[in-house]
Amino acid sequence: MNITGSRTVEVGVQSNLITAENLTAGYRDKTVWQGANFAFGRGEFVAIIGPNGAGKTTLFRLLLGLQQPISGTIKIFGEQPKRGNPQIGYVPQRHIIDSETNIESLELVRLGLSGKKWGFNPFSRKDRDAAWAALESVGAVELAHRPLGVLSGGELQRIFLAEALVSNPDILLLDEPLSNLDLRRETDLLHLVNDVVRTRGVTALLIAHNINPLLPHLDEVVYIANGRVATGKPSQVLTSESLTALYGVQVEVLRDPHGNVAIIGVEEHHGAIQ
Amino acid sequence: MTFSVNPLTDLQQMLHYQFMVNAFEAGTLVAIVAGITGYFVVLRRSAFTAHAFSEIGFAGAAAAVLVNVAPIAGLLGGSITGGLAIAALGRRATNRDTQIGIVLAFSLGMGLLFISLYTGYATEAYSILFGEILGVSRDQVLLTVGACVAILAGIGLVYRPLLFASLDEDVAEAKGMPMLFLGTFFMLIVAVAVSFAVQVTGVLLIFSLMVTPAATAQYLSRRPQTAIIISTGIALMATWVGLFVAFYTPYPVSFFITAIVFGLYLAVRLTRLAIRPKKLPVASL
């Protein structure tokens, strides 16, 4: 669970942190998607894209152990996901803090580490130092004593990221962290996540609507739409041929000269060519 | 009683009376418990729920009076039952204003029925509704000591998980924290705290110790521990000053307590408005 920092290539099973085989997800009476196969290694940046309601968050719920697969397997470090796995840092979707909440950010980050501990020891020096280090790693030290209720969307995402990172997880699950950010803050946050992935060797799974801002950083993409899941390198997955083959209907992937993509033919556009 | 407030002869004279000593002791214990518990009530936006407990407790207390049992037994029975019921519905239920309001109204109606069936003094009802701190007995003080110790131990045990679950429910749940247990445990603590606070403030004025001090403290500190200390300090100060002033005037203690905490709240909010110029508009999200 340490940051080994080993840049040497780890080969074989060990290097696959998350694996899924023929995974089908959904609820008792409804399959959301089926037949997903993927394997993500340490220190990979993975985007999960697809239309609203396609089941992107469902994948996170499976990894968090909040939901069981209908069939197939999903494993983290070779084991079935379990609720409360300390190897996972999680930032939920539409994660809002009440604007009336007058509690400093540092406290939330610290609770990310010690919130599970029983008993009364709120002044632990160790926890405080760890919280500071986490704030430092996301460049949010100056926000430490600001109340959560007054932070902007971008600032809050940094604090949430620190809260998720403070326990030194191997996997980061970020559910639509870009949804409330303007272009510049979106770029900033993505650079930050990319830094975390590269320097800490954390595997980050990020749910997003638009793949284009992510493309410069991505190792893998998971495209979920119409009950099917395509995974692989962005350049392999995001082609007219592979998506047409997967869906059995004509899907067009358009590219502009800057490398931006737009996927047309599966319910809605995922990407925008400006 | 040995508060080293001020060796005023007034105070000595006042504490010459056993009922005032009892009142100060019970008031102090209740203020500590209410100040601490109130912080979480405010943080979790459960003020209305806390109020509902006290009204369900009122029905219980009125029933207890009717069958000649100590009102505190009815209060505890009523509010704990209400607390367990609301906790069983889950955290989001504590925000269901409508349902809670419906149960609250029914409880008050039941309480009214029990009171009207009771042939004794109408003052019983009055004291449950508005507090009877000056009528607290030695036994009640001892019982309050027990409740105070139990509540403080309970909050000490769940302090960090409760704070985390209150502040960041989704992440706490994903981390595998026992949300239902925490919610139920907290509701039980509030139910017991409310039952004893009713002795001081009465059912209808419960907010004056359970909500206003904590709400004021939230404006004064961004650190939970500090805010809890301030909240407790305000509750203590209001109770002591209220008792002191009420002793020398013909007006009720509960009124002074509510007036003091409200005055402080107002002062804090107005001061903050005055010293804090309007926040500069943020350039973007």
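Note that this is a predicted model, so its numbers are computed, not measured.

Asks: Could you give me a rundown of the interface of chain A and chain B, with the residues and numbers involved?
Replies: One frequent convention defines the size of an interface as the accessible area lost when the parts assemble. Between chain A and chain B, the residue contacts involve 43 residues of the former and 33 residues of the latter. Carbon and sulfur atoms make up 55% of the area that chain A and chain B hide from each other, which totals about 3400 Å². The tally of links between chain A and chain B comes to 2 salt bridges. The residue A:Asp127 makes a salt bridge to B:Arg160 at a minimum N-O spacing of 3.9 Å. Run the count over chain A and chain B and you get 13 residue pairs in polar contact (both at pLDDT 80 or more). Sorting the residues of the side of chain A that touches chain B by element identifies helix 2 (105-114) and helix 4 (153-165) of chain A as the ones contributing at least two each. Here the side of chain A that touches chain B is composed, by residue class, of 15 nonpolar, 15 polar and 13 charged.

Asks: Could you give an account of the packing of helix 3 (residues 47-66) of chain B against helix 6 (residues 123-130) of chain B, naming the residues involved and the relevant values?
Replies: Residues and elements named next belong to chain B. Interhelical geometry of helix 3 versus helix 6 gives an angle of 155° and a closest axis separation of 11 Å. Between helix 3 and helix 6, the interaxial angle falls into the category roughly antiparallel. Seen along the crossing, helix 3 lies across helix 6 with a hand that is right-handed. From helix 3, Phe-58, Ala-61, Ala-62 and Val-65 reach across to helix 6, where they touch Glu-124, Ala-125, Ile-128 and Leu-129. Looking at the contact of helix 3 with helix 6, its residues break down into 7 nonpolar, no polar and 1 charged.

Asks: Which residues make up the pairing of strand 8 (residues 220-225) of chain A, and what are the values?
Replies: All names here are of chain A. Within strand 8, 6 of the 6 residues are buried, leaving the element largely enclosed by the surrounding structure. Neither face of strand 8 is exposed, since Glu-220, Val-222 and Ile-224 on one face and Val-221, Tyr-223 and Ala-225 on the opposite face are all buried. Where strand 3 (residues 45-49) meets strand 8, 4 bridges bridge the pair, whose relative direction is parallel. Paired with Ala-47 across the strands is Val-221, a residue of strand 8. One ladder, built from 5 bridges, connects strand 8 with strand 9 (residues 228-232); its direction is antiparallel. Along strand 9, the bridge assignment pairs Ala-225 with Arg-228. In textbook terms, the turn of a hairpin is the stretch between consecutive antiparallel strands, and for strand 8 and strand 9 this stretch comprises 2 residues, one of which, Asn-226, has a positive phi near 50°.

Asks: Describe unusual backbone geometry, listing the residues and the values that go with them.
Replies: Here A:Glu176, not a glycine, exhibits a phi torsion of approximately 50°, which is positive. Residues other than glycine seldom take positive phi values, yet B:Arg45 does so here, at roughly 50°. Looking at where B:Arg45 falls in the secondary structure, it is placed in the loop between helix 2 (18-43) and helix 3. A relative accessible area of 34% places B:Arg45 in the partly exposed class.

Asks: Any details on the packing of aromatic side chains? Residues and values, ideally.
Replies: Tallied over the full model, the rule gives 15 aromatic pairs over all chains. Summarising the aromatic geometry, the rings of B:Phe40 and B:Tyr159 are spaced 6.0 Å apart at their centres and angled 85° between planes, so their arrangement reads as edge-to-face. Pair noted here: B:Phe40 is in helix 2 and B:Tyr159 is in helix 7 (residues 138-167), with a separation of 119 residues, a long-range link. An identical accessibility class is assigned to B:Phe40 and B:Tyr159; each is buried. Site record: aromatic cluster; members linked through ring pairs are A:Phe120, B:Tyr39, B:Phe40, B:Tyr159 and B:Phe186.

Asks: Tell me about the domain arrangement of chain A, residues and numbers included.
Replies: All names here are of chain A. Partitioning chain A into domains gives domain 1 (1-87 + 169-237) and domain 2 (98-168). Here domain 1 and domain 2 have C-alpha centroids that lie 24 Å from each other. At the junction of the two partners, domain 1 supplies 16 residues and domain 2 supplies 12 residues. Its largest share of buried area at the contact with domain 2, domain 1 owes to Pro-169, Leu-192 and Arg-200, together 39% of the area lost on that side.

Asks: I'd like a rundown of helix 9 (residues 179-201) of chain B, residues and numbers included.
Replies: Residue and element names in this part refer to chain B. Compared with the 33 Å implied by 1.5 Å per residue over 23 residues, the 31 Å span of helix 9 between its first and last C-alpha is a close match. Most of helix 9 is tucked away: 18 of the 23 residues are buried. Positioned one or two residues after helix 9, Gly-202 has a phi angle of 85°, which is positive.

Asks: Would you mind going over the packing of helix 2 of chain A against helix 4 of chain A in detail, with residue names and values included?
Replies: All names here are of chain A. Contact geometry for helix 2 and helix 4: axes closest at 7 Å, N-to-C directions at 30°. By the angle class used here, helix 2 and helix 4 are roughly parallel. Helix 2 and helix 4 meet at a crossing whose hand is right-handed. Residue-level inspection shows Ser-105, Leu-108, Val-109 and Gly-112 of helix 2 in contact with helix 4, the latter providing Ile-159, Phe-160, Ala-162 and Glu-163. Here the residues of the contact of helix 2 with helix 4 sort into 5 nonpolar, 2 polar and 1 charged.

Rules used throughout
Residues numbered from 1 in each chain as written. Chains lettered and ligands numbered in written order. Predicted model: local features only at pLDDT ≥ 70, side-chain atom pairs only at ≥ 80, totals over all residues. Heavy atoms only, no water. Contact = heavy atoms within 4.5 Å. Buried area = accessible area lost by both parts, 1.4 Å probe. Salt bridge = Lys/Arg side-chain N within 4 Å of Asp/Glu carboxyl O. Polar contact = N/O pair within 3.5 Å; in protein donor to acceptor, adjacent residues only side chain to side chain. Helix = DSSP H or I, 4+ residues; strand = E, 2+ residues; numbered from the N terminus. Nonpolar A, V, L, I, M, F, W, Y, C, P; charged D, E, K, R; others polar. Axes fitted to C-alpha atoms, helices over the stretch in contact; angles between N-to-C directions. Parallel < 35°, antiparallel > 145°, perpendicular 65-115°, else oblique. Left-handed = near helix turned anticlockwise from the far one by under 90°. Buried < 20%, exposed > 50% of the residue type's maximum accessible area, 1.4 Å probe, protein only. Pairing = 2+ DSSP bridges. Phe/Tyr/Trp six-rings, centres within 6.5 Å; stacked < 30°, edge-to-face > 60°. Domains from an automatic or database assignment. Expected span 1.5 Å × (residues − 1).

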